[in-house]
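Chain residues, written in single-letter form:
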Amino acid sequence: MKKAISAWGILMALSLIWGSSYLLIKLALFDSMGNVRLTPNQLGALRISLSALAMLAFIPYRSIKISKKDLLVLLLAGVMGTGAPSFLFAYAEEHISSALTGMLNATVPIWTVLSGIILYRSKINKLQLTGLFVGTCGILILSRVWELELVQLQAIPIILVLIGTLCYALNLNVIKFNLNHLDTRVVTSISISMLLPFGLSYLIWDGFFISLRHDPKVLEGVWPVLFLSLIGTAFALWLLNTLIKKTDPLFSSSVTYFIPVVAIILGYIYGETISLTEIAGMSVMLLGVFIMNKNRA
């Protein structure tokens, strides 16, 4: 009983941490009056730099045995799993709400199945196929595809988020099929730590550290990113690994269903407008994800 309560406690903590990340991105970009704190490039570079610094502490230096080929794949995993999404979500949230971003993030399991089929010839059963269809319908409803024109600005942020979630999915498959022989701790810590030179180089080139000293708004934008990087990356990954050990990957993956709910609640508190269409689309999409995962139970 205590073990079950502990597992649910960790699951809820993860949901709160990852569900709040989308609002933190918004807070890092703008103040309450809509004034700019950080640019999307500054936010992305700072996020990967802080995450990389945090991950350096998790590298098992004494027991590392990695080939040059693995290093290249690890770099690819870092770019797809942390690097690219950090910038894509930041650019997207310049124009769309944090709640909508959180809802669209639930597409990761759908992209994971699709990319596994296309790139790794993973087998798909009827239940997964049904889930993909239902989930895709949810995405179309959530995106209000009937109102969008690809040439208009309103479509671009949604596409950026979907590309970001596709990156997450590709990263999951790369880890599963190309890095499965390495320990999870090694994969996570090294793949993210390898991004440090890229993030710091941009911040120095951009003059970020000079702005940090002279512009109070820049400092205001740093605090959300600090929480996003240290708590949302290092601490959250430790929680996830603890949860997997206490339960199993299936139970751990159920965090997917809670993250958008947290994002919606926090977005509403922040004052963002959330439509019934968005709620309906998210519900249909999560139903598709549930159907896809049902056969794993």
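This is a predicted model, so every value here is computed, not measured.

So, on to the overall build of the protein chain. Secondary structure summary: the protein chain contains 14 helices and zero strands in total. If you list the helices and strands of the protein chain from N to C, you get α-α-α-α-α-α-α-α-α-α-α-α-α-α. For 297 residues, the compact-globule estimate of 2.2 N^0.38 gives 19 Å, and the protein chain sits close to it at 19 Å. Of the contacts formed within the protein chain by residues at least 6 apart in sequence, a portion of 85% connects residues at least 24 apart. Only carbon and sulfur atoms are counted for the fraction: they give 69% of the accessible area of the protein chain, which is about 15,100 Å². Computed over 21 positive and 13 negative side-chain charges, the separation of the two mean positions in the protein chain equals 18 Å.

In this structure, Leu 38, Leu 43, Leu 46, Leu 104, Ile 110, Phe 208 and Val 225 are the most contacted members of the largest nonpolar core, which totals 41 residues. In terms of residue count, the dominant contributor to this core is helix H14 (residues 276-294) (five residues).

Running from N to C, helix H5 (residues 108-120) and H14 cross one another at 50 degrees; their axes reach a closest spacing of 9 Å. As the angle between them shows, H5 and H14 are arranged oblique. Two packed elements cross with a definite hand, and for H5 against H14 that hand is left-handed. In contact with Pro 109, Ile 110 and Val 113 of H5, H14 contributes Met 285, Val 289 and Met 292.

Applying the stated criterion to the full structure yields two salt bridges. Asp 31 is the salt-bridge partner of Lys 217, the closest N and O atoms lying 3.6 Å from each other. Taken together, the residues Lys 217 in helix H11 (residues 216-246) and Asp 31 in the loop between helix H1 (2-29) and helix H2 (40-56) connect sequence positions 186 residues apart. Asp 31 gets classed as buried once you look at its relative accessible area, which sits at 9%.

To continue, consider H5. With 13 residues, H5 extends 17 Å from end C-alpha to end C-alpha; this agrees with the ideal 18 Å at 1.5 Å per step. All of the buried residues along H5 are Val 108, Pro 109, Ile 110, Thr 112, Val 113, Ser 115 and Gly 116. Taken from the residues just after H5, Arg 121 is the one with a positive phi, measuring 55 degrees.

Side chains of Val 261, Ile 265, Tyr 268 and Ile 269 sit close together on the surface and give an oily, nonpolar patch of about 440 Å² of accessible area. Relative to the assigned elements, Val 261 resides in helix H13 (residues 255-270). Take Val 261: its relative accessible area is 35%, and that puts it in the partly exposed class.

A rise of 1.5 Å per residue sets the reference length of H2, with its 17 residues, at 24 Å; its end C-alpha atoms lie 24 Å apart and thus fit the reference within 8%. Buried residues dominate H2, accounting for 14 of its 17 residues.

Glancing now at the side chain of Ser 189. Note that Ser 189 resides in helix H8 (residues 184-193). Among the residues examined, Ser 189 registers a relative accessible area of 0% and is labelled buried. From its side chain, Ser 189 meets the backbone oxygen of Arg 185 in a polar contact 2.7 Å long. One polar contact links the side chain of Ser 189 to the main-chain carbonyl oxygen of Val 186, over a distance of 3.4 Å.

Here the focus is the side chain of Ser 98. Looking at the secondary structure, you find Ser 98 in helix H4 (residues 98-104). Among all residues touching Ser 98, those that are not within four sequence positions of it are Tyr 22, Leu 23, Lys 26, Glu 93, Ala 263, Gly 267 and Glu 272.

Once that is clear, we can look at the confidence of the model for the protein chain. On average, the protein chain scores 85 in pLDDT, and the residues at 70 or more come to 90%. In the model of the protein chain, helix H12 (residues 249-253) stands out as the element of lowest mean pLDDT, 58, in contrast to helix H9 (residues 196-206), which has the highest, 96.

What characterises a pair of aromatic rings is the spacing of the ring centres plus the angle enclosed by the ring planes. A full pass over the atoms with the stated rule returns six aromatic pairs. Judged by centre distance (6.1 Å) and plane angle (75 degrees), the ring pair of Tyr 22 and Phe 89 falls under edge-to-face. With a gap of 67 residues between them, Tyr 22 in helix H1 and Phe 89 in helix H3 (residues 68-92) connect regions that are remote in the sequence. Given a relative accessible area of 5%, Tyr 22 falls into the buried group. Centroid distance Tyr 202 to Trp 205: 5.7 Å. Interplanar angle 45 degrees. Geometry classified as tilted. You can see Tyr 202 and its partner Trp 205 sitting in helix H9, three residues apart, about one turn around the helix. Through a chain of ring-to-ring contacts, three or more aromatic side chains come together here, namely Tyr 22, Phe 89 and Tyr 168.

Each value, and the rule that gives it
- Starting afresh in each chain, residues are numbered from 1 along the sequence in its written order.
- With the structure being a predicted model, the display of local features is reserved for residues of pLDDT at least 70 and the display and counting of side-chain atom pairs for 80 or more, all residues being used for whole-chain, interface and lining totals.
- Side-chain calculation: all heavy atoms of the structure are included, whereas hydrogens and water are not.
- Helix and strand assignments follow DSSP, with helices taken as H or I runs no shorter than four residues and strands as E runs no shorter than two, numbered in order from the N terminus.
- It is over C-alpha atoms that the radius of gyration is taken, and the globule rule equals 2.2 Å times the number of residues to the power 0.38.
- Pairs of residues are marked as contacts when any of their non-hydrogen atoms sit within 4.5 Å.
- Reported accessibility uses the Shrake-Rupley method at a 1.4 Å probe radius. Residues are deemed covered only where the shown protein chains occlude them.
- As used throughout, the charge tally considers Lys and Arg to be positive and Asp and Glu to be negative, leaving His and the chain termini uncounted.
- A charge is said to be at NZ when it belongs to Lys, at CZ for Arg, at CG for Asp and at CD for Glu.
- Here, nonpolar core refers to any group of buried Ala, Val, Leu, Ile, Met, Phe, Trp, Tyr and Cys residues whose side-chain atoms link them within 4.5 Å.
- Three exposure classes are used, based on accessible area relative to the maximum for each residue type with a 1.4 Å probe and protein chains only: buried under 20%, partly exposed in between, and exposed over 50%.
- All axes here are fitted lines through C-alpha atoms, helices being fitted over the stretch that makes contact, and every angle between N-to-C directions spans 0 to 180 degrees.
- Oblique is the label for any angle not under 35 degrees, not over 145, and not in the 65 to 115 range, which are roughly parallel, roughly antiparallel and roughly perpendicular in turn.
- Whether a crossing is left-handed or right-handed is set by the direction in which the near helix is turned from the far one by less than a right angle, anticlockwise for left-handed and clockwise for right-handed.
- For this document, the term salt bridge refers to a Lys or Arg side-chain nitrogen within 4 Å of an Asp or Glu carboxyl oxygen.
- Each residue after the first adds 1.5 Å to the expected span of a helix.
- A patch consists of residues whose relative accessible area exceeds 30% and which take part in no salt bridge; residues with like charges are grouped when within 9 Å of each other, and nonpolar side chains (Val, Leu, Ile, Met, Phe, Trp, Tyr) when within 5 Å.
- Any N or O atom pair separated by 3.5 Å or less is treated as a polar contact, with the protein-specific requirement of one donor-capable and one acceptor-capable atom, and with residues adjacent in sequence counted only for side-chain atom pairs.
- By definition, pLDDT measures how confident the predictor is in each residue, and it falls between 0 and 100.
- Pairing of aromatic rings covers Phe, Tyr and Trp, the last counted by its six-membered ring, and requires centre-to-centre distances within 6.5 Å; plane angles under 30 degrees mean stacked, over 60 mean edge-to-face, and any other angle means tilted.

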